[in-house]
Amino acid sequence: MERMGMEEQRQRTKPHRISLDKRSYAVISGVDDVISFDEKEVILETTLGRLTVKGEDMKVSRLTVEQGEVEIGGRMDSFVYSESRGRKAQGESFLGRLFK
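Residues numbered from 1 in each chain as written. Predicted model: local features only at pLDDT ≥ 70, side-chain atom pairs only at ≥ 80, totals over all residues. Heavy atoms only, no water.

### Regarding the overall build of the protein chain
Within the protein chain one finds 3 helices and 6 strands. Listing the helices and strands of the protein chain from first to last along the sequence gives α-β-β-β-β-β-β-α-α. Residues classed as buried in the protein chain amount to 28% of the 100 residues present. Considering only contacts within the protein chain whose residues lie at least 6 apart along the sequence, 43% involve residues at least 24 apart. (Helix = DSSP H or I, 4+ residues; strand = E, 2+ residues; numbered from the N terminus. Buried < 20%, exposed > 50% of the residue type's maximum accessible area, 1.4 Å probe, protein only. Contact = heavy atoms within 4.5 Å.)

### Re the pattern of salt bridges
Oppositely charged side chains can pair when the atoms bearing their charge come close. Taken as a whole, this structure holds 8 salt bridges when the rule is applied. Ionic pairing is found between Asp 32 and Lys 14, a salt bridge with its closest N-O pair at 3.1 Å. One end of the pair, Asp 32, is in strand β3 (residues 31-37); the other, Lys 14, is in the loop between α1 (2-12) and β1 (17-21), with 18 residues separating them in the sequence. Asp 32 sits in the partly exposed class, given a relative accessible area of 31%. (Salt bridge = Lys/Arg side-chain N within 4 Å of Asp/Glu carboxyl O.)

### Looking at the confidence of the model for the protein chain
Mean pLDDT for the protein chain: 81, with 70% of residues reaching 70 or above. In this model, residues 1-11 is a region of pLDDT below 50 whose contacts with residues beyond four sequence positions or in other chains number 0 contacts. When the criterion is pLDDT under 50, residues 86-90 qualifies, and its contacts beyond four places in sequence or with other chains add up to 5 contacts. (pLDDT = per-residue confidence, 0-100.)

### Quick look at the sheet that holds strand β4 (residues 41-46)
A sheet is described by the order of its strands in space; here 6 strands give the open sequence β1-β2-β6-β5-β4-β3, paired in antiparallel fashion. Each of the sheet's edge strands pairs with one partner strand only, and the pair in question is β1 and β3. Averaged over all pairs of adjacent strands, the angle between their axes in this sheet comes to 35 degrees, without regard to strand direction. As paired strands, β4 and strand β5 (residues 49-64) are joined by 6 bridges and run antiparallel to one another. In the sheet register, Glu 45 faces β5, and the bridge partner there is Arg 50. (Pairing = 2+ DSSP bridges. Axes fitted to C-alpha atoms, helices over the stretch in contact; angles between N-to-C directions.)

If you want it as structure tokens, here you go:
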């Protein structure tokens, strides 16, 4: 039974990867949700935490929910991770962490 549980867990966890080509095209896997996006910022919830991509003229060109993949076009200037999923799951708010 334990073996079956481990296999199910591995299937649920999507591998997280970023493939960037010339700062103008990115494929990101392991995406659980697209929080928001506009031409200057894309915010994604990934299997490794929240990922904010900043740049100019960005467009989400493809989102495959089943595979957890997002394709972004435009000029990408930064990729920043924040707020791990573990903290969010525990219900710890930003202000709670700030005043700890």
